[in-house]
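# Observations on the three-dimensional arrangement
One letter stands for each residue in the lines below.
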Amino acid sequence: MTSPDADAVPTSLRDDAANAATRGLGSGFMVTCQVGLGITLLLLWQGASGRLVDNFFISNPLDVGTRLMGWIADGSLFLHMWATIYATLMGFLVGSVGGLILGIWLGVSPFTSRLLNPYLNALNALPKVALAPLFVLWFGLGIESKIALAAVLVLFLVFLNTYAGVREVDQDLIDSARLMKATRAQVIAKVIIPSAMSWVFAGLKISVPYALIGAVLGEMIAANRGLGYLVQFSGSQFDSAGVFAVLIVIALLAVALNFLVEIVQHRMERWRIVGR
Amino acid sequence: MIDLRHVSKTFRKKEELVDAVRDISLTIAQKEIVAVIGPSGCGKSTLLNMIAGLYTPSSGSIAYKGAQVSDVNTDVGYMTQKDNLLPWRTVRDNIAFPLELAGVAKSERAERADQVIKHVGLDGFAHRYPHELSGGMRKRACLARMLLYGAETALLDEPFAALDAQLKLAMHDLLLKLATETGQTVVLVTHDLMEAVTLADRVVVCTRRPAMVALEQRIELKRPRDVLNVRFTNAFKELYDTLWERLRVEYHEERV
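Residues numbered from 1 in each chain as written. Chains lettered and ligands numbered in written order. Predicted model: local features only at pLDDT ≥ 70, side-chain atom pairs only at ≥ 80, totals over all residues. Heavy atoms only, no water.

### Focus on the overall build of chain B
Broken down by element type, chain B carries 8 helices and 10 strands. Expected size for 256 residues packed as a compact globule is a radius of gyration near 18 Å; at 19 Å, chain B falls within 12% of this value. Considered along the principal axes of its C-alpha atoms, chain B spans approximately 55 × 45 × 35 Å. Sequence-distant contacts in chain B: of pairs separated by 6 or more residues, those separated by 24 or more amount to 70%. As displayed, chain B offers around 11,900 Å² of accessible surface, 49% of which is attributable to carbon and sulfur atoms. (Helix = DSSP H or I, 4+ residues; strand = E, 2+ residues; numbered from the N terminus. Rg over C-alpha atoms; globule rule 2.2 N^0.38 Å. Contact = heavy atoms within 4.5 Å. Areas by Shrake-Rupley, 256 points an atom, 1.4 Å probe, with all protein chains shown as cover.)

### Some points on the sheet that holds strand E4 (residues 59-64) of chain B
The strands making up a sheet are joined through hydrogen bonds of the backbone, oriented either antiparallel or parallel. Residue and element names in this part refer to chain B. Here 4 strands make up an open sheet; going across it, the order is E2-E1-E4-E5 and the pairing antiparallel. Because the sheet does not close on itself, it has two edges, and the strands there are strand E2 (16-28) and strand E5 (67-68). Note that strand E1 (residues 2-13) and E4 share 5 bridges and pair antiparallel. Looking at E4, one finds that Ile2 is bridged to Tyr64. Sheet strands in contact with helix H1 (residues 44-51) are E1, E2 and E4, and its direction is about 115° off that of E1. (Pairing = 2+ DSSP bridges. Axes fitted to C-alpha atoms, helices over the stretch in contact; angles between N-to-C directions.)

### Concerning unusual backbone geometry
Residue Pro224 of chain B is bonded to the preceding Arg223 of chain B through a cis peptide linkage, with omega at -5°. By secondary structure assignment, the location of Pro224 of chain B is in the loop between strand E10 (213-218) and helix H8 (234-255). The phi torsion at Lys181 of chain A lies on the positive side, around 70°, for a residue other than glycine. Looking at where Lys181 of chain A falls in the secondary structure, it is placed in the loop between helix H9 (171-179) and helix H10 (184-221). Although it is not a glycine, Phe238 of chain A sits at a positive phi angle of roughly 55°.

### Focus on the domain arrangement of chain B
Residues and elements named next belong to chain B. Domain parsing of chain B yields domain 1 (2-75 + 156-255) and domain 2 (82-151). Buried surface at the junction of domain 1 and domain 2, summed over both partners, amounts to about 1,100 Å²; 68% is from carbon and sulfur atoms. Taken together, the links from domain 1 to domain 2 amount to 0 salt bridges. Counting the contacts that link domain 1 with domain 2 gives 4 residue pairs in polar contact (both at pLDDT 80 or more). Classifying every residue of the side of domain 1 that touches domain 2 gives 10 nonpolar, 3 polar and 3 charged. (Domains from an automatic or database assignment. Buried area = accessible area lost by both parts, 1.4 Å probe. Salt bridge = Lys/Arg side-chain N within 4 Å of Asp/Glu carboxyl O. Polar contact = N/O pair within 3.5 Å; in protein donor to acceptor, adjacent residues only side chain to side chain. Nonpolar A, V, L, I, M, F, W, Y, C, P; charged D, E, K, R; others polar.)

### With respect to the domain arrangement of chain A
What the domain assignment lists for chain A is domain 1 (16-48) and domain 2 (59-275). The C-alpha centroid of domain 2 of chain A is placed 32 Å from the C-alpha centroid of domain 1 of chain A.

### A short note on the pattern of salt bridges
Enumeration according to the criterion identifies 21 salt bridges over all chains in this entry. Its salt-bridge partner being Glu100 of chain B, residue Lys190 of chain A comes within 2.7 Å of it at the nearest N-O pair. Note that Lys190 of chain A is positioned in helix H10 and Glu100 of chain B in helix H3 (residues 97-101), a pairing that runs across two chains.

### Some details on the interface of chain A and chain B
Contact with chain A, which involves 20 residues of that partner, is made by 23 residues of chain B. A combined buried area of about 2,000 Å² lies between chain A and chain B, and 67% of that area is made up of carbon and sulfur atoms. Between the two partners, chain A and chain B, sit 3 salt bridges. With a shortest N-O distance of 2.7 Å, Lys82 of chain B and Asp170 of chain A are connected by a salt bridge. Linking chain A with chain B are 5 residue pairs in polar contact (both at pLDDT 80 or more), by the criterion used here. Of all elements in the fold, only H9 and H10 of chain A reach the threshold of two or more residues within the side of chain A that touches chain B. The element contributing the most residues to the side of chain A that touches chain B is H9 of chain A, with 7 residues. By residue class, the composition of the side of chain A that touches chain B is 9 nonpolar, 3 polar and 8 charged.

### Looking at the environment of Ser107 of chain B
Residues and elements named next belong to chain B. The residue Ser107 is located in helix H4 (residues 106-119) in this model. Judged by relative accessible area, Ser107 falls into the exposed class, the value being 57%. Along the backbone, Ser107 and Val197 are 90 residues apart, and their C-alpha atoms lie at a distance of 41 Å. (Buried < 20%, exposed > 50% of the residue type's maximum accessible area, 1.4 Å probe, protein only.)

Set out below in structure tokens:
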């Protein structure tokens, strides 16, 4: 549970500090250094492989590149990527809608939230990954079980944030709306939900990487496609080049997702004033 | 119009019982402006909350226009030191909020909101958000919202306490103007004796907690009042001294 303000302010401060530090040197110089570091590491990797460490364990950049090119050429990489992206997005969607509904519902009904409190705590404390075999039983080996695992990870994060946001709503605002003849539904729609929005967005933001984790883990446990399946399959074939290749793709995918979140957040910035 | 009979309110704070209001009986007539004054934290706000139906009295009864107040009293407008404007809505959307709740069409809402915005002197600020306004402007927006809602009674809980002296005077002027125009009944809770005497037809002095009525004083100053100059008249000074004499006792006892 992160407060949106606590989350937002330090990040921007850190960015400012980083910007100030690099501005003196020129950002072009920093990019050159970063690329240089990457190339150096790749060269060290290539050099160490087969000489310092057995190629079997760490493979080498050239083999990894060849493996990637091969997968791209026969199109199988895109098939697996698409499976993972689809499971991630669907899991995120299902989980966040579920978390939102649950958070708002429990947030506005004190009786139910107290009733369910111990059970929700127990469920939340449970490592959700342990549910994977159950999801395979229920939803089969297909994409549905991966969506379910991603969704359940997202659901709890979004639920906890939404719930906290709803409980944080200023009672005076609710009272003043009630004095103006607002019905219960109007209070929820026009006061509680908008007021909790910044918390909801914070929950959505932190849960995006978890959707990816859920999808990949689900694929590792039982699947016939997806990046998680591919990394598992390569490992079982003792194909370390293949494992590294998939890891790179997953890392790139994660970076792309974070970038997407940043863009969406930037557009939603207007809503953040809500937190005051 | 508002009839309080032997009203008491006791809060339970953990294991401790706290008496906020004890045995207050008070009758407020229609179109009357009554100021309730007393030391800070004496239970004056609790009194307003009970008239608004947000709290139920522990004993005694409150009648509003002859009917028991048992649920939220939607005939009143409530204004506190905090503005209670919705921070994600523009000034216009905040002011039009009661109309939106009542299901009035959007174009009519905007039109009527713009009228009251002009009336309280907020022209040009309709599209601003509350946090972009000064404290005085936010008060104006609250008054405008109450005006548009058409509340027949205004409950004001130290509404201008956070404003500087000049702004306060401007707000007093606006408040009296609006109350006269709409024929509103006003119950004003304050700890500022100058404000109480300037605005009210009657001042009720409360004791320190638990709040009881220590003194009721009619304020026979002519209306319409000149909020800036009325304080320099002899009549004002006499009333002020009488009330202060009684109020001082409460403050004095508190310090001991």
